[in-house]
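If you want the building blocks of each chain, they are given just below.
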Amino acid sequence: MAAAPSSMHPAVAQSASAETFIELRGIHKHFGNQEVLCGIDLKLYHGETLCVIGPSGEGKTVMIKHIIGLIQPDEGDIFVAGMHVNRLHEREMAPIRQKVSMLFQGAALFDRMTVEENVAFPLLESGVCDRNEIKQRVLEALTAVDLDDHLDKYPTSLSGGMRKRAGIARAIVARSECILYDEPNSGLDPIGSDIIDQMILRMQRRYGVTSIIVTHDMRSVFKIANRVAMLYRGKIHFLGTPAELEASPDPIVQDFINGHSNITG
Amino acid sequence: MATSAGLLTLPGRTFLHFLTYLGQLTALATELLIAVRSGVWRLKLVARQIVEIGYGSQAVVIVTGAFTGAVFTFQSYAKFKEFGFETTVGAVVSVALCRELGPVLAGLMVAGRVGAAMAADIGTMKVTEQVDALRVMGVHPVDYLVLPRFLAMMISMPFLVAESISFGLIASYMVTSFGYDMPSSWYLTHMIDHTNMEDLSIGMIKGFVFGMLITLISCHQGLSAENGAVGVGAGTTRAVVISSLVLLIVNFFLSILLNYAFPIGSV
Ligand SMILES: Nc1ncnc2c1ncn2[C@@H]1O[C@H](COP(=O)(O)OP(=O)(O)O)[C@@H](O)[C@H]1O
Ligand SMILES: [Mg+2]
């Protein structure tokens, strides 16, 4: 189970020459009087797959939203592909958003558009005009998530898992260099979950995509991750390979991966 | 002690809220200006909004105009007859409809119908992260959501006001000639003599300004929606209330301004 998913990944992650694609330096963020992130430092290398785990409500979503400039930090710096994200104005973020795409936790599909129109949207907006090319790439993305039978449905008539998969198709269709997935497996059955894991692996092998995956599914962590980060109490509590995670003596890590609660009656 | 201090700071805090609000509206207007100048106008979305806003609001605006014209005529006719001025009713109704009642009532109806829809639509998109999804795909929400609505409103409102005025006049004419047996030529002659293009222009200019204000206020409420469905509902209500009040207040000052530009009764 702890076997590395592919021979190339650890090399990519650990080789000294691997270039940093994303870097978070001392990120602090609070909402009201709640400290959500208290000093996050994290580096992500080109072509790497990082899984982010941690209890619900610990700020995993908040953290990845910082990377794409949806949330500005109170303190700290964010660099993506050499660009200083938190120094940019909304209209200057276009280059970053061309390189990085995101799956939202709630999928965030456009209600007024069909599944097909939703998935075609990033292509149209990035200036792809050829109708056939759009059609073909949309179909390809929807096939990758096993949703190619539901092109003409509106998001409100899809199940939670289908909506999630349509959101994934929209995130991968433009073939960005980096994709942030916020809980891609939640709401999916084990088979559907495996389809997504395989798709993420394929994206990495075929296109060298850098990914961050927020997930609660430990099985898929061991399948796809090059490295794992555990967020706990606003800090990166653990950072290492899946094998290191499994072998970690830290009780908090062990409780989390084995699903033990500390509440005693 | 604490309460008296609270009472003293209340006006200050309200004023501060007001300033913050104005600041946010100004920021949105600036962003809108940048969007206009960027030149990417998404004409397909504008067309769709014109259908929804302009085409879809006609019934509301026509009924409003017609019945206002009718009741205004009905009431003034009786009074004017006491002085033997009943033939001038057409002129009075026409000027009132063009300069005030047409644009204000059409504006209020559109604020209710269109402003609410804008705040609810955009607000729903905001709380379900669809607005953030736009941003992630490199599309500025103001470019995609506000600009098309703004352009559609600027195009639709003057026509809606003109329509409201026209149906008000038709209704007024029908009340006098069928309800009161006034020779229709009298009514028409007086009305045409005392109404000119300036009066109609004032109505349409007002409609244009009201349209911009309604869009700005309602889209702002939508974009700042928070707290799920409850927040969207509250924002929608606020959009209609604020738009309506602002419209009435701005109308007063606009009347003063426009009366300098187009003095009443000048031909
Ligand atoms: N926009 C916001 N306003 C206020 N609080 C927020 C906001 N976004 C997130 N939070 C709070 O930050 C904490 C972390 O949220 P989140 O990142 O969504 O957790 P998760 O790790 O489950 O993804 C939660 O307690 C949440 O209530
Ligand atoms: Mg989350």
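Just so we're clear, the structure is a prediction, and the values are computed from it rather than from any experiment.

A.B. asks: Could you give me a rundown of the interface of chain A and chain B, with the residues and numbers involved?
C.D. replies: Where interface size is quoted, it is often the accessible area lost as the parts come together. Between chain A and chain B, the contact holds 22 residues from the first and 22 residues from the second. Carbon and sulfur atoms supply 54% of the area that chain A and chain B bury against each other, a total of about 1,800 Å² over both sides. Together, Arg91, Phe110 and Arg112 of chain A form the three largest contributors to the area buried by chain A at its contact with chain B, with a combined 31%. Glu90 of chain A is the salt-bridge partner of Arg135 of chain B, the closest N and O atoms lying 3.0 Å from each other. Across the chain A-chain B interface, the total number found is 9 residue pairs in polar contact (both at pLDDT 80 or more). Elements with a minimum of two residues in the side of chain A that touches chain B: strand E6 (100-103) and helix H4 (115-125) of chain A. When grouped by side-chain class, the residues that make up the side of chain A that touches chain B number 11 nonpolar, 3 polar and 8 charged.

A.B. asks: Which residues make up helix H5 (residues 131-144) of chain A, and what values go with them?
C.D. replies: All names here are of chain A. Given a rise of 1.5 Å per residue, 14 residues ought to cover 20 Å, and the 20 Å separating the end C-alpha atoms of H5 matches this to within 8%. Within H5 the residues assigned to the buried category are Ile134, Arg137, Val138, Ala141, Leu142 and Ala144. Here the buried residues of H5 occupy an arc of 155° about the axis, which is enough to place them on one side. Looking at the buried residues of H5, the elements they touch are H4, helix H6 (160-172) and helix H7 (190-207). Two to three positions downstream of the cap, the backbone nitrogen of Asn132 sits 3.2 Å from a side-chain oxygen, assigning the N-cap of H5 to Asp130. In the segment just after H5, Asp146 is the residue with positive phi, at about 60°.

A.B. asks: Could you give me a rundown of the coordination of the magnesium ion (ligand 2), with the residues and numbers involved?
C.D. replies: All names here are of chain A. Binding of the magnesium ion (ligand 2) to the protein goes through Thr61 (OG1) and Gln105 (OE1), at separations of 2.0 to 2.2 Å. With Thr61 in helix H2 (residues 60-67) and Gln105 in the loop between E6 and H4, this residue pair connects regions lying 44 residues apart in the sequence. A relative accessible area of 36% means that Gln105 is categorised as partly exposed.

A.B. asks: Got a sec to walk through the sheet that holds strand E2 (residues 34-45) of chain A? Specific residues and values, please.
C.D. replies: Residue and element names in this part refer to chain A. Spatial ordering of the open sheet is given by E2-E1-E4-E5, a layout of 4 strands whose pairing is antiparallel. This sheet does not close on itself; its edge strands, each paired only once, are E2 and strand E5 (83-84). Direction of pairing for strand E1 (residues 20-31) relative to E2: antiparallel, over a ladder of 9 bridges. Counted as the bridge partner of Thr20 is Tyr45 from E2.

A.B. asks: Before we move on, could you go through the pairing of strand E4 (residues 75-80) of chain A and cite the residues and values that matter?
C.D. replies: Residues in a regular strand project their side chains so that they alternate between the two faces of the sheet. Residue and element names in this part refer to chain A. In terms of strand pairing, E1 meets E4 through 5 bridges, oriented antiparallel. When the sheet's bridge partners are listed, His28 is paired in E4 with Glu75. Note that E4 and E5 share 2 bridges and pair antiparallel. What sits directly across from Val80, in E5, is Met83. Count of turn residues in the E4/E5 antiparallel hairpin: 2 residues, of which Ala81 carries a positive phi of about 50°.

A.B. asks: Explain the packing of aromatic side chains to me, and be specific about the residues and the numbers.
C.D. replies: Centre-to-centre distance and the angle between the planes together describe a pair of aromatic rings. Applying the stated criterion to the full structure yields 3 aromatic pairs over all chains. Here the aromatic rings of Phe121 of chain A and Tyr144 of chain B are separated by 5.5 Å at their centres, their planes lie at 85°, and the arrangement is edge-to-face. Here the residue Phe121 of chain A occupies a position in helix H4, and Tyr144 of chain B occupies one in helix H5 (residues 141-179), the pair thus bridging two chains. Here Phe121 of chain A matches Tyr144 of chain B in class, with each residue buried. For the pair Phe252 of chain B and Phe253 of chain B, a centre-to-centre distance of 5.1 Å together with 75° between the ring planes defines the contact as edge-to-face. What links up through ring pairs into an aromatic cluster is the set Phe110 and Phe121 of chain A together with Tyr144 of chain B. Between the NZ or CZ atom of Arg170 of chain A and the centre of the ring of Phe110 of chain A, over which it lies, the distance is 4.8 Å.

A.B. asks: Lay out the sheet that holds strand E10 (residues 235-240) of chain A in plain terms, naming residues and giving numbers.
C.D. replies: All names here are of chain A. Strand order in this open sheet of 6 strands is E6-E7-E8-E3-E9-E10, and the pairing throughout is mixed. Edge positions in the sheet fall to E6 and E10, since each of these pairs with one other strand and no more. Averaged over all pairs of adjacent strands, the angle between strand axes in this sheet comes to 15°, irrespective of strand direction. Sheet topology places strand E3 (residues 49-53) next to strand E8 (residues 210-214); 4 bridges connect them, and they run parallel. Looking across to E8, one finds that Cys51 is bridged to Ile213. Along the sheet, H2 contacts E3, E6, strand E7 (178-182), E8, strand E9 (227-232) and E10; its crossing angle with E7, the most-contacted strand, is approximately 160°. This element, H6, spans E6 and E7 of the sheet and lies at about 175° to E6.

A.B. asks: For the confidence of the model for chain B, give the residues involved together with the corresponding values.
C.D. replies: Residue and element names in this part refer to chain B. Residue-level pLDDT values for chain B average 90, and 96% of them are 70 or greater. Across chain B, the element-wise mean pLDDT spans from 77 in helix H6 (residues 184-194) up to 96 in helix H4 (residues 130-136). Interface confidence for the predicted complex, expressed as ipTM, amounts to 0.89; the pTM equals 0.90.

Quick notes on the rules
Residues numbered from 1 in each chain as written. Chains lettered and ligands numbered in written order. Predicted model: local features only at pLDDT ≥ 70, side-chain atom pairs only at ≥ 80, totals over all residues. Heavy atoms only, no water. Contact = heavy atoms within 4.5 Å. Buried area = accessible area lost by both parts, 1.4 Å probe. Salt bridge = Lys/Arg side-chain N within 4 Å of Asp/Glu carboxyl O. Polar contact = N/O pair within 3.5 Å; in protein donor to acceptor, adjacent residues only side chain to side chain. Helix = DSSP H or I, 4+ residues; strand = E, 2+ residues; numbered from the N terminus. Nonpolar A, V, L, I, M, F, W, Y, C, P; charged D, E, K, R; others polar. Expected span 1.5 Å × (residues − 1). Buried < 20%, exposed > 50% of the residue type's maximum accessible area, 1.4 Å probe, protein only. Arc of directions from axis to C-beta. Donors = N, O, S within 2.8 Å, 3.2 Å for Na, K, Ca; no water. Pairing = 2+ DSSP bridges. Phe/Tyr/Trp six-rings, centres within 6.5 Å; stacked < 30°, edge-to-face > 60°. Lys NZ or Arg CZ within 6 Å of the ring centre and 35° of its normal. Axes fitted to C-alpha atoms, helices over the stretch in contact; angles between N-to-C directions. pLDDT = per-residue confidence, 0-100.

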